[in-house]
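Structural characterization, general
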Amino acid sequence: MTPAPPNAGGDLFAANLTGALLAVASSAFIGVSFIVKKKGLRRAGAAVGIAGVGGYGYLLAPLWWVGMVTMLIGEIANFVAYMFAPAVLVTPLGALSIIVSAVLAHFTLNEKLQRMGVLGCVLCIVGSTVIILHAPEEETPSSVTQIWHLATQPAFLCYAASALAVSLILMLHCAPRYGQTNIVVYVGICSVIGSLTVMSIKAVGIATKLTIEGINQAGYFQTWLFATVSATCIIIQLVYLNKALDTFNTAVVSPIYYAMFTSLTILASAIMFKDWYGQSISSIASEICGFLTVLTGTVVLHSTREHDPTLSSDLYTPLPPIYWHIRGNSETGGKQKEDDLLSAGDFVTVVRQDYFV
């Protein structure tokens, strides 16, 4: 095995640092985009109706488009981050966008951040710091054919085949039967497919980086195959993530999706790119503890977030029971017996809890 150049360690550390900074910047842009888009939706909703009940006036709101552009910048930064750093480092840092949106919502949208929410933010920051300090140093492949070799090794082929089999079972068998009642179905599809999305996007990102550096990768069919897989997986993710968000509470979907998606992505990256190869047990344990800390902070933060009631949810909320008080005697004035005022026999239910649709 050829010995590494003397400055290889420094180059790998610089690449990790670049990837980490890009991932943090991506989280910042995406977190800001949530707030800007929500303000745009509120302004559009006040004028032409909210999106939740079929309004599309937000498409004409400049502020909403500013939020979309901001999110696009964040996604591009996240894409570039995968060119430099391993997925074990980049993916968990996505939780920082939750902190950014929560803090900005506290000051700009009057969505109060509770004390436990502040603790959740601190836990996310501490966990992310631990992950950055113990991130593995991943050597960038010199061509897309090397990435193809990594993707076709038996261990990753087994993972990819298992992921596809599980996804097909969830989509074809479980989703029609249990998708509307079990949150794990839709979120599971997004997470399993998402782990393959990240691997293919990372391959496309590395191929793009090499092409920019003068080593053209556009002539290899593997580059276009990885790009096709990326586009297909992204479409599937978006479809089922929207179904999950439309069916279940966002405060429940977000932490479960983050936990499953990040865990499976780290596993897939460890198998394909051998991120933990050569690392000490203590470093691997520190990364796992850092991820668990971020996960805990995410759950705590989401569990304490205040959510705005929407018109669509109000329309389908059970009404409280309405009671009519029947006076037990013919007196229209004077005093009633104290024990007769709230006796169960004197009340007749006029309207019970029903769904008005």
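What you are looking at is a predicted structure, and each value in this text was computed from that prediction instead of being measured.

Section: the packing of helix H5 (residues 115-133) against helix H11 (residues 281-304)
In contact at an axis separation of 7 Å, H5 and H11 are set at 160° when each is read in the N-to-C sense. With respect to H11, the axis of H5 lies roughly antiparallel. The element H5 and its partner H11 pack so that their crossing is left-handed. Contact residues: Met 116, Gly 117, Gly 120, Cys 121, Leu 123, Cys 124, Gly 127, Ser 128, Val 130 and Ile 131 in H5; Ser 286, Glu 287, Gly 290, Phe 291, Thr 293, Val 294, Thr 296, Gly 297, Thr 298, Val 300, Leu 301 and Thr 304 in H11.

Points about the nonpolar core
Grouped together as the largest cluster of nonpolar side chains are 66 residues, with contacts concentrated most on Phe 156, Met 199 and Met 272. A total of 16 residues in this core trace back to one element, the largest contributor, which is helix H8 (residues 183-212). Counting only domains with at least three residues in this core, you end up with domain 1 (9-47 + 54-138 + 280-307) and domain 2 (142-274). Residue contacts for Met 199: discarding those within four places in its chain leaves Ala 87, Phe 156, Thr 265, Ala 268, Ser 269, Met 272 and Phe 273.

Things to note about the side chain of Ser 33
Structurally, Ser 33 is set in helix H1 (residues 8-48). The contacts of Ser 33, once residues within four sequence positions are left out, are Gly 67, Thr 70 and Met 71.

Concerning the side chain of Glu 287
Here Glu 287 shows up in helix H11. For the buried Glu 287, no salt bridge is present, and the opposite-charge side chain at shortest range is Lys 202, 13 Å distant. Within polar-contact distance, the side chain of Glu 287 engages the side chain of Gln 279 at 2.8 Å. The contacts of Glu 287, once residues within four sequence positions are left out, are Val 88, Ile 131, His 134, Ala 135, Pro 136, Trp 276 and Gln 279.

A short note on the confidence of the model for the chain
A residue-level look at the chain finds 78% of positions with pLDDT of 70 or above and a mean pLDDT of 80. Here helix H12 (residues 311-315) stands out as the element of the chain with the lowest mean pLDDT, 39, in contrast to helix H7 (residues 154-178), whose mean of 95 is the highest. Confidence over residues 49-54 falls short of pLDDT 50; this stretch has ten contacts with residues more than four positions distant or in other chains. Predicted confidence is poor over residues 308-326, with pLDDT under 50, and the contacts of this stretch with residues over four places away or in other chains come to 35 contacts.

The rules behind each value
Residues numbered from 1 in each chain as written. Predicted model: local features only at pLDDT ≥ 70, side-chain atom pairs only at ≥ 80, totals over all residues. Heavy atoms only, no water. Axes fitted to C-alpha atoms, helices over the stretch in contact; angles between N-to-C directions. Helix = DSSP H or I, 4+ residues; strand = E, 2+ residues; numbered from the N terminus. Parallel < 35°, antiparallel > 145°, perpendicular 65-115°, else oblique. Left-handed = near helix turned anticlockwise from the far one by under 90°. Contact = heavy atoms within 4.5 Å. Core = buried A, V, L, I, M, F, W, Y, C linked by side-chain atoms within 4.5 Å. Buried < 20%, exposed > 50% of the residue type's maximum accessible area, 1.4 Å probe, protein only. Domains from an automatic or database assignment. Lys, Arg positive; Asp, Glu negative; His and termini not counted. Salt bridge = Lys/Arg side-chain N within 4 Å of Asp/Glu carboxyl O. Polar contact = N/O pair within 3.5 Å; in protein donor to acceptor, adjacent residues only side chain to side chain. pLDDT = per-residue confidence, 0-100.

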